[in-house]
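# Results of the structural survey
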Amino acid sequence: LIPRVKKKMRDIVKPLLQYSKNFIFIDPYFNPKETRYINTLKSWLEVLKQNPLCHKITYYCQVHRDLELEQFKSEIEKSTLGELLQKLKGKIEFISIGNKMHDRFILSDFSGFNFSYGLDVDKRENIAKDKATKTSVTRLSQAVFNELKNEYSPDTDTSKGLIVNY
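Everything in this summary refers to the structure shown in the same document. Here the structure is a predicted model, which means the values were calculated and not measured. (Residues numbered from 1 in each chain as written. Predicted model: local features only at pLDDT ≥ 70, side-chain atom pairs only at ≥ 80, totals over all residues. Heavy atoms only, no water.)

Our focus in this paragraph is the packing of aromatic side chains. Under the criterion given, the structure shown has ten aromatic pairs. Taken together, a centroid distance of 5.5 Å and an interplanar angle of 5° make the contact between Phe-25 and Tyr-59 stacked. Note that Phe-25 is positioned in strand S2 (residues 22-26) and Tyr-59 in strand S3 (residues 56-61), a separation of 34 residues in sequence. Across the pair, Tyr-59 and Phe-25 agree in class, each one buried. (Phe/Tyr/Trp six-rings, centres within 6.5 Å; stacked < 30°, edge-to-face > 60°. Helix = DSSP H or I, 4+ residues; strand = E, 2+ residues; numbered from the N terminus. Buried < 20%, exposed > 50% of the residue type's maximum accessible area, 1.4 Å probe, protein only.)

Here it is, written out as structure tokens:
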């Protein structure tokens, strides 16, 4: 169990982010209007921009009911991710997965993790880590990892679900 604070959530997957080429984030609840999602993603992207091997980052999410597609794109662009998206230009895309997944995952070329509570920090973002809600983070078994990699492969044609790419 780890507190749902940016540093702890980053540090637990940092080795994964430093030594792979392709990354898949799966979070159907990602909402670019909510800084609690943006701040966590930003901390992971900051690690990825230092990774010379980084080739492709795919973020599978769902366009929320309260956002139209264009609003979703706009919220991402006006978020604090702007500079990082420029540094990772040509490497990151957001893909709509519709309503088919509940769990949240981070996958690389060789391993993956499940974040049971979500890829966002505690709603009370600036809370001390000892007061933050906790989430279990589990390394995926090889069988589950392989199944997810097949379903969300970086080689999959994602053009029909493409929300935006950078």
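With that settled, the discussion passes to the pattern of salt bridges. Per the stated rule, a full pass over the model turns up eleven salt bridges. The closest approach of N and O atoms between Glu-34 and Arg-36, which form a salt bridge, is 3.5 Å. A relative accessible area of 14% places Arg-36 in the buried class. Where Glu-70 meets Lys-73, a salt bridge forms, and the shortest distance between an N and an O atom there is 3.4 Å. Here Glu-70 and its partner Lys-73 are both found in helix H3 (residues 69-78), three residues apart, which amounts to about one turn of the helix. For Glu-70, a relative accessible area of 55% puts it in the exposed group. Look at the salt bridges and you will find they share partners, linking Arg-4, Glu-34, Arg-36 and Asp-120 into a network. (Salt bridge = Lys/Arg side-chain N within 4 Å of Asp/Glu carboxyl O.)

By the alternation rule, side chains of strand S6 (residues 112-115) split into Gly-112 and Asn-114 and Phe-113 and Phe-115, which are all buried. In this sheet, S6 lies alongside strand S5 (residues 104-107) in antiparallel orientation, the contact comprising four bridges. Of the residues in S6, the one forming a bridge with Phe-105 is Asn-114. With antiparallel pairing between neighbouring strands as the criterion, S5 and S6 make up a hairpin whose turn holds four residues. With three bridges joining them, S6 and strand S8 (residues 137-139) adopt antiparallel strand pairing. Bridging from a neighbouring strand, Phe-113 pairs with Arg-139 of S8. (Pairing = 2+ DSSP bridges.)

Time to look at H3. Given 3.6 residues per turn, any residue in an α-helix points the same way as the ones three and four places further on. Taken as a whole, H3 has its buried residues at Phe-72, Glu-75 and Ile-76. Mapping the buried residues of H3 onto a view down its axis gives an arc of 100°, with all of them on the same face. Away from the buried face of H3 by more than 90 degrees, exposed residues Glu-70 and Lys-78 are located. (Arc of directions from axis to C-beta.)

When you line up the elements, Arg-104 lands in strand S5. Here Asp-27 takes part through its side chain, which lies 3.4 Å from a polar atom of the side chain of Arg-104. Those residues within four positions of Arg-104 in sequence are excluded, and the remaining contacts are Ile-26, Asp-27, Pro-28, Tyr-29, Phe-113, Asn-114, Phe-115, Ser-116, Tyr-117, Gly-118 and Leu-119. (Polar contact = N/O pair within 3.5 Å; in protein donor to acceptor, adjacent residues only side chain to side chain. Contact = heavy atoms within 4.5 Å.)

Our focus in this paragraph is helix H2 (residues 35-48). Between its terminal C-alpha atoms H2 stretches 19 Å, which fits the 20 Å expected from 14 residues at 1.5 Å a residue. When you tally the buried positions in H2, you get ten out of 14 residues, the bulk of the element. Three or more residues of H2 are buried, namely Arg-36, Tyr-37, Ile-38, Thr-40, Leu-41, Ser-43, Trp-44, Leu-45, Val-47 and Leu-48. (Expected span 1.5 Å × (residues − 1).)

In short, geometric facts, not functional conclusions.
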